[in-house]
Amino acid sequence: MIPPERTVAIVGRPNVGKSRLFNRLVGKRMAIVHDMPGVTRDLASAEVEDNYNLLDTGGIGMKPEMTPQMIHDATEEQVDFAVQAASVIVFVTDGIEGLTVIDEELAKQFRRYGKPVVLVVNKIDKQSAVRNLDDFFKLGLGDPQAISAEHGDGVDVLHEVIVSQMPPYKPPFYSKKEERRIRICLCGRPNVGKSSLGNRLLKAPRLIVSEVAGTTRDAIETDLDYTDSDGTELKFRLMDTAGVKPRRKLGSSLDYFSGLRTSGAIERTDIAFLVLDAMTGVTKHDKTLAGEVLKFGKGLVIVVNKWDLALEQFREQPVRGYETEKEFREAFAEAVDKELFFLPKSPILFVSAVSGFKVESILKAARTVDVTSGLQLPTGALNKTLSKLMDKQAPRIVGKKRFKVYYSVHVSSRPITIRMFCNREEQLDDRYRRYLETGLREAFQLEGCPIRLDLVGKP
Ligand code: GDP
């Protein structure tokens, strides 16, 4: 996958030959053309030679019948988008028509933004275009590249010029080969059993524990090298193990939350395990804490501890409507989901620190959520999914305009961050944002991982 900063956008007035040029640059080089139906149909995108993402903005803002003013506005919309989304802009003009007022205006806009612009004069196969060529120097965007998109003349040279303007190649964020430990932390109200769980975990079979040197008494970290039952070696770092060892109990919940912040465990962890007490269920503090975890963009897994007590109670006093323990557990999970409806479909684990029941499932869940949050979402599939979602349920119209996404790319992981190039950022309301996040989570199976939609609109 090509990193998002290697993106090239083709812009220009209608009929100058943008899509011809797009096909030339792409076609010859066996690129992958992303088929983008629906809302983003105004944009074509493809990967050229594993080198750059090429976008044809030609359809943005275009309608069948357009007045000159509408053409002008649509072209400006393309420029706005291109300036935000691309690191190199290919500005196409029509040599036969010669330099036009719109071209001059666009050039002015480009000069203001200072992005690399490659000026292209197309249709150079015609004599009139050759005669007009000199005029284009006036635009102040450097030497025009004379090409014929129709016949292919000058396209190879243009490709080289584009590549030369590109920012230096940085390996994509997702290809980093890192020997990293998955940082996990147990968080929750006092007395839910965090210390007991932590201590239980440290005694797990097939686990080698080593304290991390240099950590202070207050925020001790412990490395866990765990061999899974299938032989997979997993490396974790358990954060804030100061809390694991018996320590003084903090009084009020306020102390508790401020205590958490200073220890910084949530900020520094990859995955947070929100420990709930099966006997009390979800409380207000649990919700607050879950909110904190998500604010920091961390993976989140729910651990229902003291499940031994809940089961004991169930056996003594069966709850009507639930025949089996399994049914009881499922109903419990459903109730937790309902209370914590704002979670990113977090897995729910039922454990007992006292009996040791399922305590190791914490490590497995950490591994699963960590892998998921490090996934790379391919640009084509991402845009297709978003188009489908937006076709299925269109965003509201605010004022006269409807929120529109031109193009999206997955820009970073942990948390999964998706940059969406759109017409107006402020037109995405919270409900629709949640709708898109939920849709993406379902499509790409991103359970337990928060998703950030990073909107980029009109500059
Ligand atoms: P923390 O404040 O969250 O660290 O909670 P502790 O680990 O200190 O546990 C609080 C109390 O709950 C202690 O008395 C534990 O023995 C008890 N406890 C913790 N986990 C379990 C569990 O799974 N089952 C039962 N029955 N008791 C538990």
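Residues numbered from 1 in each chain as written. Predicted model: local features only at pLDDT ≥ 70, side-chain atom pairs only at ≥ 80, totals over all residues.

Caption draft 1: Just the site of the ligand, in detail. The local shell around the ligand holds 15 residues, among which G193, K194, S195, S196 and A353 are the closest. Put simply, the parts of the chain that give the shell around the ligand at least two residues each are α6 (194–202) and α10 (307–316). Counting residues per element, the shell around the ligand draws most heavily on α6, at 3 residues. Residues belonging to the shell around the ligand are distributed by class as follows: 5 nonpolar, 7 polar and 3 charged. (Near = placed C-beta within 6 Å. Helix = DSSP H or I, 4+ residues; strand = E, 2+ residues; numbered from the N terminus. Nonpolar A, V, L, I, M, F, W, Y, C, P; charged D, E, K, R; others polar.)

Caption draft 2: Here's a closer look at the sheet that holds strand β19 (residues 451–456). If you walk across this open sheet you meet the 3 strands as β17-β18-β19, and the pairing is mixed. At either margin of the open sheet sits one strand with a lone partner, and together these are β17 (405–412) and β19. Taken pair by pair, the neighbouring strands of this sheet meet at an average axis angle of 25°, ignoring direction. Strand direction decides the pairing type here: strand β18 (residues 416–422) and β19, joined by 6 bridges, are parallel. From the neighbouring strand, M420 faces β19, where its bridge partner is L455. Sheet strands touched by helix α13 (residues 379–392): β17 and β18. Its angle to β17, the strand with the most contacts, is close to 135°. (Pairing = 2+ DSSP bridges. Axes fitted to C-alpha atoms, helices over the stretch in contact; angles between N-to-C directions. Contact = placed C-beta atoms within 7 Å.)

Caption draft 3: Here's a closer look at the packing of helix α2 (residues 68–85) against helix α3 (residues 101–113). Taken N-terminus to C-terminus, the directions of α2 and α3 make an angle of 25°; their axes are 11 Å apart at the nearest point. By the angle between their directions, the pair α2 and α3 is classed as roughly parallel. You can see that α2 and α3 cross each other, and the crossing is right-handed. Of α3, the residues touching α2 (which contributes H72, T75, V79 and V83) are I102, L106, Q109 and Y113. (Parallel < 35°, antiparallel > 145°, perpendicular 65-115°, else oblique. Left-handed = near helix turned anticlockwise from the far one by under 90°.)

Caption draft 4: Region of interest: the packing of α13 against helix α14 (residues 430–444). In contact at an axis separation of 10 Å, α13 and α14 are set at 130° when each is read in the N-to-C sense. In terms of orientation, α13 lies oblique with respect to α14. In this structure, α13 crosses over α14, and the sense of that crossing is right-handed. Along its contact with α13, which presents T385, L386 and L389, the element α14 presents L436, G439, L440 and A443. In terms of residue class, the contact of α13 with α14 is made up of 5 nonpolar, 2 polar and no charged.

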